Amino acid sequence: MEPGNDTQISEFLLLGFSQEPGLQPFLFGLFLSMYLVTVLGNLLIILATISDSHLHTPMYFFLSNLSFADICVTSTTIPKMLMNIQTQNKVITYTACLMQMYFFILFAGFENFLLAVMAYDRFVAICHPLHYMVIMNPHLCGLLVLASWTMSALYSLLQILMVVRLSFCTALEIPHFFCELNQVIQLACSDSFLNHMVIYFTVALLGGGPLTGILYSYSKIISSIHAISSAQGKYKAFSTCASHLSVVSLFYGAILGVYLSSAATRNSHSSATASVMYTVVTPMLNPFIYSLRNKDIKRALGIHLLWGTMKGQFFKKCP
């Protein structure tokens, strides 16, 4: 393949985790199982929040959006990897690679902003409980979600436009299971200094901003909980944000761990393995965190499962 600009590039090769043929069936079964669990678990959360009128509150509205983002993040990367393993073809076209990067950054960025919005929701619920429904009205909730989508879409578009300007060499092998932004930039023949500067600046601004908002919200929440006199009141207040705090810790902890480990080892395959934490494991665990720690979600899911069982038994009895 001749070096040149983006119009001459036809495809990349996604090397995945291992080149050993014996490991491919295991990897296929493992990631297929994780993908199905992720999709099913998050769909159940969305179904519960939509169908149960008791869950028509701002917190569960944001939770259903988080579940939707988790499904989209994994659906952007895992199906292509499974198809490559099944067909033993590691090729991804240049256009498909750009689209995969765009949508992955879009949904991951949206989740980043949404976690900050959910932290603000918990801050209002605990620090201003009497004015909660007035402040977190449907109009504001819709605007917060729309703003999260808009900022994430603009950020994703900026990164893709920065990649399009690059020229690529003949070595177009990506040591990853999807088109990860940094890995693609490293393949460029042309100067990618500006790309790296844009990444560092936008990550510091758009990543540090929401994280700062989350930390500030929880500092106020902790102060409010500390001021509650009864132990039962403290526990009840903390339990309303425990699930969100767990998800935040898992999301940012996984990303931080991946980039610290990749910076320390400088091993692309180790980075690909570590990135499974925030691309696959975190979206898979989020529904379990919210359903196991939330009585309302468990009750709604229990009602749906019971109704489905009763309906199935009724149709079995019908001739």
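As the structure is a computational prediction, the values presented were derived from the model and not from experiment.

Novice: Break down the overall build of the protein chain for me, citing the residues and quoting the values.
Specialist: Within the protein chain, the regular secondary structure consists of 11 helices and three strands. For the protein chain, the sequential pattern of α-helices and β-strands runs β-α-α-β-α-α-α-β-α-α-α-α-α-α. A separation of at least 24 residues holds for 79% of the contacts in the protein chain among residues at least 6 apart in sequence.

Novice: With reference to specific residues and values, describe the pairing of strand S1 (residues 11-14).
Specialist: Within a regular beta strand, the side chains point alternately toward one face of the sheet and then the other, so they alternate between its two faces. Burial along S1 is one-sided: Phe-12 and Leu-14 are buried, while Glu-11 and Leu-13, pointing the other way, are not. Two elements, S1 and strand S3 (residues 173-174), share two bridges in a ladder whose sense is parallel. Each bridged residue has a counterpart across the sheet, and for Leu-14 the counterpart in S3 is Ile-174.

Novice: Please provide a residue-by-residue account of the packing of helix H3 (residues 94-127) against helix H7 (residues 193-227), values included.
Specialist: Two elements in contact, H3 and H7, have axes whose closest approach is 9 Å; the angle formed by their N-to-C orientations is 20 degrees. Considering their axes alone, H3 and H7 lie roughly parallel with respect to each other. When you trace H3 past H7, the crossing you get is left-handed. Contacts from Asn-112, Phe-113, Leu-115, Ala-116, Ala-119, Tyr-120, Arg-122, Phe-123, Ile-126 and Cys-127 of H3 reach H7 at Leu-206, Gly-207, Pro-210, Ile-214, Ser-217, Tyr-218, Lys-220, Ile-221, Ser-224 and Ile-225.

Novice: I'd love a proper account of the pattern of salt bridges, names of residues and values included.
Specialist: With the rule as written, the count across this model stands at one salt bridge. Note that Asp-121 and Arg-122 form a salt bridge whose closest N and O atoms lie 2.9 Å from each other. For the pair Asp-121 and Arg-122, one class covers both residues: buried.

Novice: Describe in detail the state of the cysteines, supporting the description with residues and values.
Specialist: Applying the stated rule across the entire model yields one disulfide. The disulfide that involves Cys-97 links it to Cys-179, with 2.1 Å between the sulfurs. Judged by the sign of its S-S torsion, about -125 degrees, the cystine formed by Cys-97 and Cys-179 is left-handed. With a gap of 82 residues between them, Cys-97 in helix H3 and Cys-179 in the loop between S3 and helix H6 (181-186) connect regions that are remote in the sequence. Cys-179 carries the same exposure label as Cys-97, and that label is buried.

Novice: Describe the confidence of the model for the protein chain, and please don't skip the residues or the numbers.
Specialist: Per-residue pLDDT for the protein chain averages 85, and the proportion of residues at 70 or more is 85%. Least confident of the elements in the protein chain is helix H11 (residues 295-317), whose mean pLDDT is 55; most confident is helix H5 (residues 138-164), at 96. Note that pLDDT drops below 50 for residues 1-7; the model gives that stretch 13 contacts with residues more than four away or on any other chain. Note that residues 310-315 has pLDDT below 50 and, in this model, zero contacts with residues that lie over four places away or in other chains.

Novice: Break down the packing of helix H2 (residues 58-87) against H3 for me, citing the residues and quoting the values.
Specialist: Two elements in contact, H2 and H3, have axes separated by 9 Å at closest approach and are oriented at 160 degrees. The orientation of H2 with respect to H3, classified from their angle, is roughly antiparallel. Here H2 and H3 pass one another in a crossing that is left-handed. Classifying every residue of the contact of H2 with H3 gives 17 nonpolar, four polar and five charged.

Calculation rules
- Residues numbered from 1 in each chain as written.
- Predicted model: local features only at pLDDT ≥ 70, side-chain atom pairs only at ≥ 80, totals over all residues.
- Heavy atoms only, no water.
- Helix = DSSP H or I, 4+ residues; strand = E, 2+ residues; numbered from the N terminus.
- Contact = heavy atoms within 4.5 Å.
- Buried < 20%, exposed > 50% of the residue type's maximum accessible area, 1.4 Å probe, protein only.
- Pairing = 2+ DSSP bridges.
- Axes fitted to C-alpha atoms, helices over the stretch in contact; angles between N-to-C directions.
- Parallel < 35°, antiparallel > 145°, perpendicular 65-115°, else oblique.
- Left-handed = near helix turned anticlockwise from the far one by under 90°.
- Salt bridge = Lys/Arg side-chain N within 4 Å of Asp/Glu carboxyl O.
- Disulfide = S-S within 2.5 Å.
- pLDDT = per-residue confidence, 0-100.
- Nonpolar A, V, L, I, M, F, W, Y, C, P; charged D, E, K, R; others polar.

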